[in-house]
Amino acid sequence: MEIKDLKFGPDGLIPAVVQDCRTGQVLTLAYMNRESLDITLAEGYTCFYSRSRKCLWRKGETSGNRQKVVSITADCDCDALTVKVDKEGPACHTGAESCFFNSLFSAGEEQEFSLESLYELIMGRKTEGKEGSYTTYLFQKGKEKILKKVGEECTEVVIGAMKGSKEETVFEISDLAYHVLVLMAEMGISVQDIKDELASRHVVDKKVKQETMK
């Protein structure tokens, strides 16, 4: 199909569902007009039309969190798009990986766990709060309280490991991981930021190994 086959709305816009090409996670719902779509195709990075500001905006032009386009697919009626991207940093202005983290309904069915999903839940507690939530309580107390808990959990991990108890150490590492994620959310550090840092170290490590093997 071609761009001329797309059906833009009366306002000249077409909705674009942006999706992580690696995980399949829906990142955001944005809108494009013909010009922003042309720019996206020409530059290879997402460009949208802001309905509130009534102007074009390139994703990441201020935050640096750009989205490299992998594919663009239209639906059966050609009036909506799915844009799969390789993102550079979080998609949401709050620092969350996705803009969709405020839970409205859950059937209670078990979902696959991931650090990203836990981080999104934590971000939801930060932005909307929830009465009686321990996570909300930590954010209300601030970074000093969160740092104190991270320090305490580090000590608990050491104690568990010194005892030689795998079960206790796993439990304490889980507590530490949770509190570290809370700290990350407080400071606007995403899971992807950590992955990128680790990936950069991995590349350096491989180069060192290659040099030592010569």
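Everything discussed here concerns the structure shown above.
Residues numbered from 1 in each chain as written. Predicted model: local features only at pLDDT ≥ 70, side-chain atom pairs only at ≥ 80, totals over all residues. Heavy atoms only, no water.

Draft legend 1. Main features of the pattern of salt bridges. Taken as a whole and judged by the stated rule, the model has 11 salt bridges. One salt bridge connects lysine 195 with glutamate 116, and the closest N-O pair in it is separated by 2.4 Å. Of this pair, lysine 195 sits in helix α6 (residues 191-213) while glutamate 116 sits in helix α2 (residues 115-128); the two residues are 79 residues apart in sequence, bridging distant segments of the chain. Of the charged contacts in the structure, one is a salt bridge between glutamate 152 and lysine 149, with a shortest N-O distance of 3.1 Å. Of this pair, glutamate 152 and lysine 149 both sit in helix α4 (residues 143-163), 3 residues apart, roughly one helical turn. A relative accessible area of 34% places glutamate 152 in the partly exposed class. (Salt bridge = Lys/Arg side-chain N within 4 Å of Asp/Glu carboxyl O. Helix = DSSP H or I, 4+ residues; strand = E, 2+ residues; numbered from the N terminus. Buried < 20%, exposed > 50% of the residue type's maximum accessible area, 1.4 Å probe, protein only.)

Draft legend 2. A look at the pairing of strand β6 (residues 81-87). Of the two faces of β6, only one is covered, namely that formed by Leu81, Val83, Val85 and Lys87; the face formed by Thr82, Lys84 and Asp86 stays uncovered. Alignment of strand β1 (residues 14-20) against β6, held across 5 bridges, turns out to be parallel. Paired with aspartate 20 across the two strands is valine 85, which belongs to β6. Bridging between strand β5 (residues 67-74) and β6 involves 7 bridges; their strand directions are antiparallel. When the bridges of β6 are listed, serine 71 appears paired with lysine 84. What sits between the antiparallel neighbours β5 and β6 is a turn of 6 residues, in which cysteine 78 has the positive phi angle 60 degrees. (Pairing = 2+ DSSP bridges.)

Draft legend 3. Geometry of the packing of α4 against helix α5 (residues 166-187). Interhelical geometry of α4 versus α5 gives an angle of 160 degrees and a closest axis separation of 8 Å. Relative to α5, α4 is oriented roughly antiparallel. Note that α4 runs across α5; the crossing there is left-handed. The residues of α5 that touch α4, namely those facing Lys143, Ile146, Leu147, Lys149, Val150, Glu153, Cys154, Glu156, Val157, Gly160, Ala161 and Lys163, are Glu168, Thr169, Glu172, Ile173, Asp175, Leu176, His179, Val180, Val182, Leu183, Glu186 and Met187. Here the contact of α4 with α5 is built from residues that sort into 12 nonpolar, 3 polar and 9 charged. (Axes fitted to C-alpha atoms, helices over the stretch in contact; angles between N-to-C directions. Parallel < 35°, antiparallel > 145°, perpendicular 65-115°, else oblique. Left-handed = near helix turned anticlockwise from the far one by under 90°. Contact = heavy atoms within 4.5 Å. Nonpolar A, V, L, I, M, F, W, Y, C, P; charged D, E, K, R; others polar.)

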